[in-house]
Amino acid sequence: MPYQIAFEYHKVAPKLRQLKQDNPEIAQQIYDELDRLAVERENFITGAPERPESFLVGNIRILYLVYHTMQLINVFSIIELP
């Protein structure tokens, strides 16, 4: 079963909604990458502590934490780079 994806409600969700309106292609690439990560982590077993990870889509940096014990990817920040 793929990991669940969660978004910080007050910080990330509004930015994603705005991004969907302004640039739906970039927003879709972000969702595709998160879906890929969720499936990729499905068979990843570790006792390692959670630590921030990130990826880039265009000039947008997505920061997230992977909680292996809860099988959850929590997106906690979206930063638009200059």
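Our structure's up above, just so we're on the same page.
Residues numbered from 1 in each chain as written. Predicted model: local features only at pLDDT ≥ 70, side-chain atom pairs only at ≥ 80, totals over all residues. Heavy atoms only, no water.

*Asks:* Residues and numbers for helix H1 (residues 12-22), please.
*Replies:* Taken as a whole, H1 has its buried residues at Val12, Ala13, Leu16 and Leu19. Buried residues of H1, viewed axially, fall in a sector of 125°; they line one side. Those residues of H1 that are exposed and angled more than 90 degrees off the buried face are Gln21 and Asp22. Tucked inside the fold, the buried residues of H1 contact strand E1 (4-7), helix H2 (24-40) and strand E4 (72-80). (Buried < 20%, exposed > 50% of the residue type's maximum accessible area, 1.4 Å probe, protein only. Helix = DSSP H or I, 4+ residues; strand = E, 2+ residues; numbered from the N terminus. Arc of directions from axis to C-beta. Contact = heavy atoms within 4.5 Å.)

*Asks:* Explain the layout of surface pockets to me, and be specific about the residues and the numbers.
*Replies:* Each pocket or cavity is described by its volume, and for the largest pocket that value is around 190 Å³. Residue assignment for the lining of the largest pocket shows that the elements contributing at least two residues are H1 and E4. Sorting elements by how many residues they give to the lining of the largest pocket places H1 first, with four residues. In terms of residue class, the lining of the largest pocket is made up of five nonpolar, three polar and three charged. (1 Å grid on protein atoms, 1.4 Å probe; cavity = no way out; pocket = protein on both sides within 12 Å on 5 of 7 lines; lining within 4 Å. Points joined across faces, edges and corners; volume = space filled by probe spheres on them. Nonpolar A, V, L, I, M, F, W, Y, C, P; charged D, E, K, R; others polar.)

*Asks:* Let's hear about the pattern of salt bridges: which residues, and what values?
*Replies:* Summed over the entire model, instances satisfying the criterion amount to one salt bridge. Linking Arg36 and Glu33 is a salt bridge whose minimum nitrogen-to-oxygen distance equals 2.5 Å. In this pair, Arg36 and Glu33 both sit in helix H2, three residues apart, roughly one turn of the helix. (Salt bridge = Lys/Arg side-chain N within 4 Å of Asp/Glu carboxyl O.)

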